[in-house]
Amino acid sequence: MTDEEILQLLYEETLTGNAPAVAGGVNDGLAQGMAPESMLFDALIPSLEEVGARFERGDYFVPEMLIAARAMQGALDILRPLLADNESAQIGTFLMGTVKGDVHDIGKNLCNIMLEGAGFNVIDLGVNVAPEKFIEQIEEHSPDVVGFSAFLTTTMPMFKANINALEKAGLRDKVIVMVGGAPVTQEYADAVGADGYAADASTAVRKAKELIERRRERVLV
Ligand code: B12
């Protein structure tokens, strides 16, 4: 198959949630020298975007969304080591979790892979993480950055609840807060008092590095 045909296959088979075909396509693509980033950004992510659009139109329901997500997760499992082993420098520790009430984790996992690839030590708390859990883990690991991920307009208010919990625990000045997820905007991030927002994983990496550098400069002055 040509590279173009593989991208087409990955797009279509993710759309219908055919996990074995997606995994096979990824392996074939790698075997013929395709870049992992191309499969991710030119086929897999656009396919999930189409899944979301179909759900919104009422053409897809939760089961279709779920099997498409599983097919994507399978592809990410194969691509993870290839996307993550670019650098070994330890830039800082990033504690990441999807907020309470929310189980979406593909966007978060993608951020984690890119952060690891850029040299971050990533601690992933998983999904449906309560504010108390974030506090407990921040106290235990003293990360440079904590990231809150939310994919529902109904769970985005947990950003503010988490930040309030940080303030109450006396931790707000000790950690950089980043937020993200499909419905999140820079305006919303500013309104809840987050330090940083990013719309995608590569911007998240750049932003996290910038915020850490800025904080270290401030400490040195
Ligand atoms: C797959 C999916 C699911 C799967 C999730 C599986 C999984 N393991 O994640 C399942 C089937 C479980 C699911 C369930 C539901 N879902 Co859903 N789901 C989606 C879908 C199709 C794709 C999401 C996704 O993974 N995208 C791919 C990634 C790569 O997205 P991304 O945004 O580009 O990710 C980047 C950024 O967001 C950013 N980022 C992410 N996290 C973070 C964190 C930080 C700190 C930073 C800096 C950046 C960052 O970086 C990421 C990587 O580049 C979206 C549609 C959409 N357009 O988002 C709907 C969508 C999010 N779901 C939706 C809904 C309504 C639901 C349900 C309520 C449906 C229901 N009636 O039950 C439930 C809720 C379950 C719950 N309590 O959480 C709606 C939300 C609407 C809204 N405005 O609130 C959407 C938008 C669909 C739609 N168009 O209506 N869903």
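Residues numbered from 1 in each chain as written. Predicted model: local features only at pLDDT ≥ 70, side-chain atom pairs only at ≥ 80, totals over all residues. Heavy atoms only, no water.

Describing the sheet that holds strand β2 (residues 120-124)
Working step 1: Strand order in the open sheet made by the five strands is β2-β1-β3-β4-β5, with parallel pairing throughout. With partners counted over all chains shown, the strands left at the sheet margins are β2 and β5 (196-197), one partner each.
Working step 2: Pairing of strand β3 (residues 145-149) with strand β4 (residues 176-180), which is carried by five bridges, proceeds in the parallel orientation. Its bridge partner being in β4, F148 is matched across the sheet by V179.
Working step 3: Set on the sheet, helix α6 (residues 131-141) makes contact with β1 (92-98), β2 and β3; between it and β1 the angle comes to about 165 degrees. (Pairing = 2+ DSSP bridges. Helix = DSSP H or I, 4+ residues; strand = E, 2+ residues; numbered from the N terminus. Contact = heavy atoms within 4.5 Å. Axes fitted to C-alpha atoms, helices over the stretch in contact; angles between N-to-C directions.)

A few points about the site of the ligand
Working step 1: Surveying the vicinity of the ligand reveals 37 residues, the closest of which are V103, H104, D105, S149 and A201.
Working step 2: One of the backbone nitrogen or oxygen atoms of G181 is found 3.5 Å away from an oxygen atom of the ligand.
Working step 3: Applying the majority rule of atoms within 2 Å of the grid points places the ligand in the largest pocket.
Working step 4: Taken together, the elements giving at least two residues each to the shell around the ligand come down to α3 (36-57), α4 (62-84), α5 (106-117), β3, β4 and α9 (201-220).
Working step 5: Taken together, the residues that form the shell around the ligand break down as 22 nonpolar, ten polar and five charged. (Near = heavy atom within 4 Å. Polar contact = N/O pair within 3.5 Å; in protein donor to acceptor, adjacent residues only side chain to side chain. 1 Å grid on protein atoms, 1.4 Å probe; cavity = no way out; pocket = protein on both sides within 12 Å on 5 of 7 lines; lining within 4 Å. Sits in = over half its atoms within 2 Å of the grid points. Nonpolar A, V, L, I, M, F, W, Y, C, P; charged D, E, K, R; others polar.)

So, the coordination of the cobalt atom of the ligand
Working step 1: For the cobalt atom of the ligand, the sole protein-derived donor is H104 (NE2), lying 2.3 Å away.
Working step 2: Relative to the assigned elements, H104 resides in the loop between β1 and α5. (Donors = N, O, S within 2.8 Å, 3.2 Å for Na, K, Ca; no water.)

Describing the domain arrangement of the protein
Working step 1: What the domain assignment reports for the protein is domain 1 (3-84) and domain 2 (92-220).
Working step 2: The distance between the C-alpha centroids of domain 1 and domain 2 comes to 26 Å.
Working step 3: Facing eleven residues of domain 1, the contacting portion of domain 2 comprises eight residues.
Working step 4: For the pair domain 1 and domain 2, the summed buried surface comes to about 920 Å²; carbon and sulfur atoms form 72% of the total.
Working step 5: Summed over the shared surface of domain 1 and domain 2, the number is one salt bridge.
Working step 6: When the shortest N-O distance is used, the salt bridge between E116 and R80 registers 3.9 Å.
Working step 7: Of all the elements in the fold, those that place two or more residues in the side of domain 1 that touches domain 2 are α3 and α4. (Domains from an automatic or database assignment. Buried area = accessible area lost by both parts, 1.4 Å probe. Salt bridge = Lys/Arg side-chain N within 4 Å of Asp/Glu carboxyl O.)

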